Structures are given as C-alpha cells and as structure tokens.
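# Structural features, examined
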Amino acid sequence: MLRALLPLLTLSLIASASAQQTKELRLGVFPNVTHAAGLVGVQRGLIQKNLPAGVKLVVKEFANGSQINEAFAAGAIDAAYVGPGPAMNAFMRGVPIQVIAGAANAGAVLVARGDAGVRTVKALANKKVAVPTRGSTQDISLRHLLHENGLKASDEGGNVTIVPIDPANMPAAFAAKQVDAALVQEPWGAVMETQGAKLVANEKAIWAGGNYTTTVLTVNTKYAAANADTVKGLLRGHLASISFIQGSNAGAQKAVAEQIYTFTGKRPNTNELFKALARTKVTWDINLTTLGEYAQLNKEAGFARDVPDLNRFVDLSVIRSLAK
C-alpha cells in the first residue's frame, strides 16, 4: 500500500513545485506617455528580467482608471500603473490597494479643436470637453480649472459638458466633432495638435506648475504580502525603466511607440513623442504635499466624501531603499 502511494506523493510534489514556478504578476498599463515607465519596462523586458525566477509577467492593457479599479476589485490584476485619483477612490472604497511608487508628473494638456473657437479656459462655457473617464485624474483637474475660471461642469449646475472618451479614441472624436476640447494625457494631446488642435493649457498650467503626480504604481496589498520578492522585482524593473528613459530619449520614444502600437494599433510619430515626453517628468518619487492637495480636489469634485490617510495609502519605503 505504501509503495503504491509513493508515485502519487511524488507526482503531488512535482505538481506543487510546478505551480510555484508558474506564478504570475498581472500588471495593468495604459497606452499613454504618462505610463512610459510601464510601457518601456514591458517592451524592453526590464520588468520581466527583474522578477524572481519562475514568475511570469502577464501584461494587461487598460484605457482608464475605472477599468483598473474594477479589475483590482475583481482580483483580476496584481499591480497597475494608474492615476492617483482612481487609486484614491478605490482605496477609500475598501479595495486592497496601495501606492508603492510614483511613475510620472504632469504629462497632461488641455487642447481644443482648431475650429471650436476655444483659446482660453473661460471659452469652454457651453462646450463639450473630453476626459478619459469620470473621476479620472484629468476629470478632477479639469473641474478645478473650470472653478478657477468661474465655470462649472453641467453635473455641478454649470454649462460645461464633460464627456468620457478613451484617450486613444479622442483624435477620432475631434475629427468627428463629437467634442470641442479635451484634457488628456500625452501623447494624445500632441497627436491632436498634429491634426490641427490648439493648445489651450500646457502641462504646467493644468495645476501646481506641473509639479503634481499623474501616474503611480500600485499593488494589491494581499498580493504584496504574499509575494514580497516579486513586488521588489517589479520595483527594480520600474527603476530600470525610468533610468533607461532618462538616459535615452530616442530609445524611450521607440519603446513607447512600439508598445502603444501593440496595445492600440496606433503609432505616434517621432515629433509627437518628443513633445509628449518633454511635457512629462518620469520619476519614481511623489510630492506628497501636492498629492494631499489633490486628495482635497478629489473631495471637492464630489468623487469622495473624505481624503485618504496618506500614511496608509502610500508606502515608498521599498522604492526609496532600492533607489539609493
């Protein structure tokens, strides 16, 4: 009887070892220049290279923060590059999510169709303005801009209609005259400029002189607790990607273009990517002061009843130790 059980026990041990070797890190990324660290890390294999042996990187493309939040809540992803607005809202709804690094500052612009007659923020009155999704970082930034200029969104009792459109689809929406303007992440602002759109507010005019976080790297806290080495490997790959981008603008343009094309079938040209990267600061660090101010804007916009405890929401201890 014991001899008969030995093959079964051996098979069980082999299966167990095999299961450990096929662990995955499911990572969400957007096809935006504000996600350049993720795009470059994926395209050049820098993230996979830094993961522990036996851990497979599974990349999932998303168009906006609402989709990321749904995926985190459903347990469909383990980590993601995402805007701080959606990440905050997921955190405050009880989704087990935490920010473990910054990824980009600024990198979003306000553009208008060339024939829309919009050259200032005040001219957005009675216009339709696209943002990636309701409650996105760009939605919150737009509402703040409107308030500063004496305007309000229609859902706040004002006359500016905010329209959610995936960034990669905004150029087509402009061409079809579905909207008059857009507050959008790069490279899509630069792409629309190529098509004749006018720059209304550059990345520094959107908020805080451009010194605000537009993309963070987040992780499911339950996954992180059970896979500390994998998360540390992800952060090493993240740092390697940032280093590559900062050291090779041409290489970064090529890698970003290739990965955006893989995701969307659309390839921004060299001029568009040069402009987009110049408007985006790729960095692992986070200005916690402006992040706290942003949390207040998120509350003012009505997307949260309160502000998050940043000491629980953000943990930069590991990335800081690795960056030394």
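Check the entry above for the structure.
Okay, so let's go over this structure. (Residues numbered from 1 in each chain as written. Predicted model: local features only at pLDDT ≥ 70, side-chain atom pairs only at ≥ 80, totals over all residues. Heavy atoms only, no water.)

### Some remarks on the packing of helix H6 (residues 137-148) against helix H14 (residues 288-300)
Here H6 crosses H14 at 80°, and the two axes come no closer than 9 Å. Taken together, the axis directions place H6 and H14 in an arrangement best described as roughly perpendicular. For the pair H6 and H14, the contacting residues are Thr-137, Ile-140, Ser-141 and His-144 in the first and Tyr-294, Leu-297 and Asn-298 in the second. Taken together, the residues that form the contact of H6 with H14 break down as three nonpolar, four polar and no charged. (Axes fitted to C-alpha atoms, helices over the stretch in contact; angles between N-to-C directions. Helix = DSSP H or I, 4+ residues; strand = E, 2+ residues; numbered from the N terminus. Parallel < 35°, antiparallel > 145°, perpendicular 65-115°, else oblique. Contact = heavy atoms within 4.5 Å. Nonpolar A, V, L, I, M, F, W, Y, C, P; charged D, E, K, R; others polar.)

### Details of the pattern of salt bridges
The final tally for this structure, using the stated rule, is 12 salt bridges. A salt bridge links Lys-275 to Glu-193; the shortest N-O distance between them is 3.8 Å. Residue Lys-275 is located in helix H13 (residues 270-278), and its partner Glu-193 is located in helix H8 (residues 188-194); the two are separated by 82 residues in the primary sequence. Under the relative-accessibility criterion, Lys-275 is labelled partly exposed at 33%. Judged by relative accessible area, Glu-193 falls into the buried class, the value being 18%. (Salt bridge = Lys/Arg side-chain N within 4 Å of Asp/Glu carboxyl O. Buried < 20%, exposed > 50% of the residue type's maximum accessible area, 1.4 Å probe, protein only.)

### Observations concerning H6
Compared with an ideal rise of 1.5 Å per residue, which puts 12 residues at 16 Å, H6 spans 17 Å between its outermost C-alpha atoms and is within 8% of the ideal. Burial within H6 is extensive, with 10 of its 12 residues counted as buried. Listed as buried for H6 are Thr-137, Gln-138, Asp-139, Ile-140, Ser-141, Leu-142, Arg-143, His-144, Leu-145 and Leu-146. Gly-150 sits one or two positions beyond H6 and adopts a positive phi of about 75°. (Expected span 1.5 Å × (residues − 1).)

### Topic: the packing of helix H2 (residues 36-43) against helix H11 (residues 228-247)
Their axes nearest at 8 Å, the elements H2 and H11 cross at an angle of 100°. As judged from the angle between their axes, H2 and H11 are roughly perpendicular. Between H2 and H11, the contacting residues are Ala-36, Ala-37, Val-40 and Gly-41 on the first element and His-238, Ser-241, Ile-242, Phe-244 and Ile-245 on the second. Looking at the contact of H2 with H11, its residues break down into six nonpolar, three polar and no charged.

### Here's the deal with the nonpolar core
Ranked by internal contacts, the top residues of the largest apolar core, which has 106 residues, are Leu-27, Leu-110 and Leu-124. Excluding residues within four positions of it along the chain, Leu-124 makes contact with Leu-110, Val-118, Val-129, Leu-142, Leu-146, Leu-151, Val-160 and Ala-181. (Core = buried A, V, L, I, M, F, W, Y, C linked by side-chain atoms within 4.5 Å.)

### A word on the side chain of His-238
With respect to the element layout, His-238 can be found in helix H11. Under the relative-accessibility criterion, His-238 is labelled buried at 0%. Residues within four places of His-238 in sequence aside, it is in contact with Ala-37, Tyr-81, Ala-101, Gly-102, Ala-103, Leu-217, Trp-284 and Ile-319.

### A short note on the packing of aromatic side chains
Applying the stated criterion across every chain, the model contains three aromatic pairs. Here the aromatic rings of Phe-91 and Phe-313 are separated by 5.2 Å at their centres, their planes lie at 55°, and the arrangement is tilted. Linking Phe-91 in helix H5 (residues 84-92) with Phe-313 in helix H15 (residues 310-313), this pair joins segments that are 222 residues apart in sequence. Each member of the pair, Phe-91 as well as Phe-313, is classed as buried. Following the ring pairs from residue to residue traces out a cluster consisting of Trp-207, Tyr-212 and Tyr-294. It is Arg-267 that lies over the ring of Tyr-261; its NZ or CZ is 4.2 Å from the centre. (Phe/Tyr/Trp six-rings, centres within 6.5 Å; stacked < 30°, edge-to-face > 60°. Lys NZ or Arg CZ within 6 Å of the ring centre and 35° of its normal.)

### What to know about the sheet that holds strand S4 (residues 97-106)
With respect to topology, six strands assemble into an open sheet ordered S2-S1-S3-S10-S4-S11, the strand pairing being mixed. Each edge of the open sheet carries a strand with a single partner, namely strand S2 (55-61) and strand S11 (280-282). Each strand axis lies, on average, 25° off the axis of its neighbour in the sheet, ignoring direction. Of the pairings in the sheet, the one linking strand S1 (residues 23-29) to S2 comprises seven bridges and is parallel in character. Note that in S2 the partner of Gly-28 across the bridge is Lys-60. Together, S1, strand S3 (79-82), S4 and strand S10 (213-220) form the strand contacts of helix H4 (residues 65-73), whose direction differs from that of S3 by roughly 165°. Strand contacts of H5: S3, S4 and S10, with the helix running at about 40° to S10, the strand carrying the most contacts. (Pairing = 2+ DSSP bridges.)

These figures capture arrangement, not role.
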